[in-house]
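Below, each chain spelled out in residue letters.
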Amino acid sequence: MHYFVFTRSNLFYISCMKLRLNTFRLLIVLFSITLITQHVSAQQKNSNPKKQALFIYNFFKYVEWSNFEELERFNVGVLGDDKNLVYDELVKIAETEKAKKLPIKIKRLNNLNNLDDIQLIYFDKSASLKFDAIYKAIGDKHILLVSKGYPYGKSMINFVMDGNIVQYELSETKCEAAGLTVDKVLTLVAVKSEKEWNGIINKFENLANTDQETVEISTKDLNKLVREQKRLLSEIGKNTKKLEAQKDKLKKQQTELVAQQTELTTKEGLIDDAKKEISKTKKEVEKQKGLINEQLAKIATQQENLALLNSNVTVKQAELVAQQKELEKEAKNLIAIQNEYAEIEKALKEKEILVNEQGKTIDAQGNEIITKADKIESQKSIIWLSVIFLVIVSFLGALAYRSYRLKNKANILISKQKEEIEEQHEVLEEQHREITDSINYAKRIQDAILPPLKLVRGYMPDSFILYQPKDIVAGDFYWMEGINNLIVFAAADCTGHGVPGAMVSVVCHNAMNRSVREFMLTEPDEILNKTREIVVETFEKSDEDVRDGMDIALVTINTESNKLNFAGANNGLYYIRNGELFQIKPDKQPIGKYEDAKPFTKHTLDLEKGDIIYTFSDGYADQFGGPKGKKFMYKPFRELLLSIHKKPMNEQHDLLMSAFEDWRGSMEQIDDVCVIGVRI
């Protein structure tokens, strides 16, 4: 009798502990679901694209890639998404967040040709993709497909949403076929059947014909799980009380079982096992509590970072919009000036033709007057020699009088023509003054887009910029931008010089600003590729075949890692280290329309203290001058840089300017000049 009671008590105690452990695991799953639900609810004030981007970011946390150990980062490809809404939100997340300690890179895909380095693809119906083609392109690659608005069962993860509501279906079979393992947290909150999915779709379609703004999706299943959790907790409490009663009863029975201690040795071993199980369970509970607290802290930190990021992005977007408006206004002013200049130039040419014709008429009349004057002198001689011949003298006198009248008439005509020429000269001077004023105004606009020297000194204290336009306005320009710990600067040479070159420089300058500020590019080769794309797109809007563009040397310097990256379009880079000059050659292609265009090459250099970097346009080396009137050339230019590189940077500027003027002498400057020097 005693043996039966003792055995049942221990078995009951062990059963309760196992039930308690299973219940705790269920609580962990429910708590994870609650965290995800709360996190999504906190974002309901934002737009659907933000929530979609947040869900996609969370998929990285709850999906395991079988080739994870080989990955250096998570690459996300986006197709469709016409207005870049989801794409922009993913870019914002990738700037500040990591997935499983790996960085995230968001890419725009135009097709399914190259998916070797992609881990997740997002697309909607605007991409016009068929799943047969998608799965064929993926092959045996480990890629998670996330779609929006497609029929049930086609994709791996498929979104449907309206207003603040987000739902998705999930195919574990398709994920496993791609080498992906899905956490149960995602499957618990996913749509479970095609019937439920079609019900949601029909609900949203019906809403389109009503005045409602949102659809509330029932959380009946989640509430059911919570009620089950409360029931189990209540049952555990009751069983615990029973267990305490059994313990008291067991203590009383122990005094009666002293004589039977040998027989009960085996049963005491069961008690020890139960105690070990209890201890092990307590440790697991404490461990799970710690994990939950850690996850809560991470979520709180992420929410703070996301709020800060949203604030910074909003400010940056406002600045970009203002700058874009200002650039468009400047471009319109320059176009108006160019049109005005063309009209004035046309009028000047017409005036010049008229003046040349009048000059020829005056020369002919002058020759005629000289001829007639000679005749008059001859006739005077005849009069003095022919006094006897009075009839002849009278005839000659009449002829002389007639010639005199013609001469007076010619003199009056010459005076009038001289007055007309003087008036036309005054008109030409006024028109020239107006043209000069317009070009000077264009120069003020061009100076406004160049970075001020105060900004240059702020980023590069030990540096100089030699900028010498051929005319009042220039096709050359220098450019600079600061991005976190990066300094980006360039020396650019646009097609032509003067007003046409300045017009091209505005287009190219705006394209570079968009590449860095709008498309958030920081690598020099990517900046040049995007700038070329924008410039070609701008000129293709014209009915004529415009092949204008620019040559450029673009440099980025990371002030933390002391690393330099360079990419060049026909313009290279020199650097001097320990008294020796080295050269980094550019790609032999311009920024603009080019038959054999290729992606630009990125060159990387580890900088050392004391290194001097030089970027430049071709204006300095191409200048004619010297005793034989030849070009300066690049070899003497490199020798000149070597001879002055130890001097202070401002003194180097003066020495370069002095050498240029001495070489040019009395000859005309043939092109714009731009040289940038930076000492590390």
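Worth saying up front: this structure is predicted, and the values here are computed from it rather than measured. (Residues numbered from 1 in each chain as written. Predicted model: local features only at pLDDT ≥ 70, side-chain atom pairs only at ≥ 80, totals over all residues. Heavy atoms only, no water.)

## Some points on the packing of aromatic side chains
Throughout the structure, instances matching the rule amount to 23 aromatic pairs. Pairing Trp 65 with Phe 74 gives two aromatic rings, centres 5.3 Å apart and planes at 55 degrees, and the pair type is tilted. The pair Trp 65 / Phe 74 is uniform in exposure class, with both members buried. Between Phe 616 and Phe 637, the aromatic rings sit 5.4 Å apart at their centres with planes inclined by 80 degrees, giving edge-to-face as the arrangement. With a gap of 21 residues between them, Phe 616 in strand β17 (residues 612-616) and Phe 637 in helix α14 (residues 634-644) connect regions that are remote in the sequence. Here the two residues Phe 616 and Phe 637 agree in accessibility, since each one is buried. (Phe/Tyr/Trp six-rings, centres within 6.5 Å; stacked < 30°, edge-to-face > 60°. Buried < 20%, exposed > 50% of the residue type's maximum accessible area, 1.4 Å probe, protein only. Helix = DSSP H or I, 4+ residues; strand = E, 2+ residues; numbered from the N terminus.)

## Looking at a negative patch on the surface
A contiguous patch of negative charge, built from Glu 419, Glu 420, Glu 422, Glu 423, Glu 426 and Glu 429, is present on the exposed surface. Its place among the elements puts Glu 422 in helix α10 (residues 390-449). (Patch = residues over 30% accessible without salt bridge, like charges linked within 9 Å, V, L, I, M, F, W, Y side chains within 5 Å. Areas by Shrake-Rupley, 256 points an atom, 1.4 Å probe, with all protein chains shown as cover. Salt bridge = Lys/Arg side-chain N within 4 Å of Asp/Glu carboxyl O. Lys, Arg positive; Asp, Glu negative; His and termini not counted. Charge placed at Lys NZ, Arg CZ, Asp CG, Glu CD.)

## Focus: the sheet that holds strand β11 (residues 486-494)
Ordered in space as β10-β11-β12-β13-β16, the five strands form an open sheet in which the pairing is antiparallel. The open sheet is flanked by β10 (476-483) and β16 (603-606), the only strands paired with a single partner. Pairs of neighbouring strands in the sheet enclose a mean axial angle of 15 degrees, with direction left out of account. Here eight bridges tie β10 to β11, and the two strands are oriented antiparallel to one another. Considered in β11, the bridge of Ile 483 is made with Leu 486. Packed onto the sheet, helix α12 (residues 498-518) meets β10, β11 and β12 (550-558) and runs at close to 15 degrees relative to β10. In the packing of helix α13 (residues 524-539) onto the sheet, contacts are made with β11, β12 and β13 (563-569), and the angle to β13 comes to roughly 30 degrees. (Pairing = 2+ DSSP bridges. Axes fitted to C-alpha atoms, helices over the stretch in contact; angles between N-to-C directions. Contact = heavy atoms within 4.5 Å.)

## So, the environment of Glu 176
Of note, Glu 176 is situated in helix α5 (residues 172-177). Exposure remark for Glu 176: the relative accessible area of 58% places this residue in the exposed category. In this structure, the C-alpha to C-alpha distance between Glu 176 and Ser 66, residues 110 residues apart in sequence, is 9.8 Å.

## A short note on a nonpolar patch on the surface
Taken together, the side chains of Ile 382, Ile 388, Phe 389 and Ile 392 present a nonpolar region at the surface, about 420 Å² in accessible area. Relative to the assigned elements, Ile 382 resides in helix α9 (residues 265-385).

## Digging into the sheet that holds β17
With antiparallel pairing, five strands are arranged side by side in an open sheet as β9-β20-β17-β14-β15. Across the chains shown, the open sheet's two edge strands, defined by having one partner strand only, are β9 (463-468) and β15 (580-584). In this sheet, adjacent strand axes meet at a mean angle of 15 degrees when their direction is disregarded. Where β9 lies against strand β20 (residues 673-679), six bridges are found, and the strand directions are antiparallel. Bridge pairing in β20 places Gln 468 opposite Val 673. Sheet contacts for helix α15 (residues 649-664): β9, β17 and β20; angle to β9, the most-contacted strand, approximately 25 degrees.

## Description of the nonpolar core
Core analysis: the biggest nonpolar cluster contains 55 residues, and Phe 123, Leu 144, Val 146 and Phe 159 have the highest contact counts within it. With eight residues, the single largest contributor to this core is helix α2 (residues 48-62). One finds Ala 474, Ile 584, Ile 613 and Cys 674 within the second-largest nonpolar core, a separate group that totals 51 residues. (Core = buried A, V, L, I, M, F, W, Y, C linked by side-chain atoms within 4.5 Å.)

## Brief notes about unusual backbone geometry
Residues other than glycine seldom take positive phi values, yet Asn 562 does so here, at roughly 55 degrees. Locating Asn 562 in the fold gives a position in the loop between β12 and β13. Despite not being glycine, Met 633 shows a phi value in the positive range, around 75 degrees. Mapped onto the elements of the fold, Met 633 is located in the loop between β19 (630-631) and α14.

Treat this as a map of the structure, not an account of what it does.
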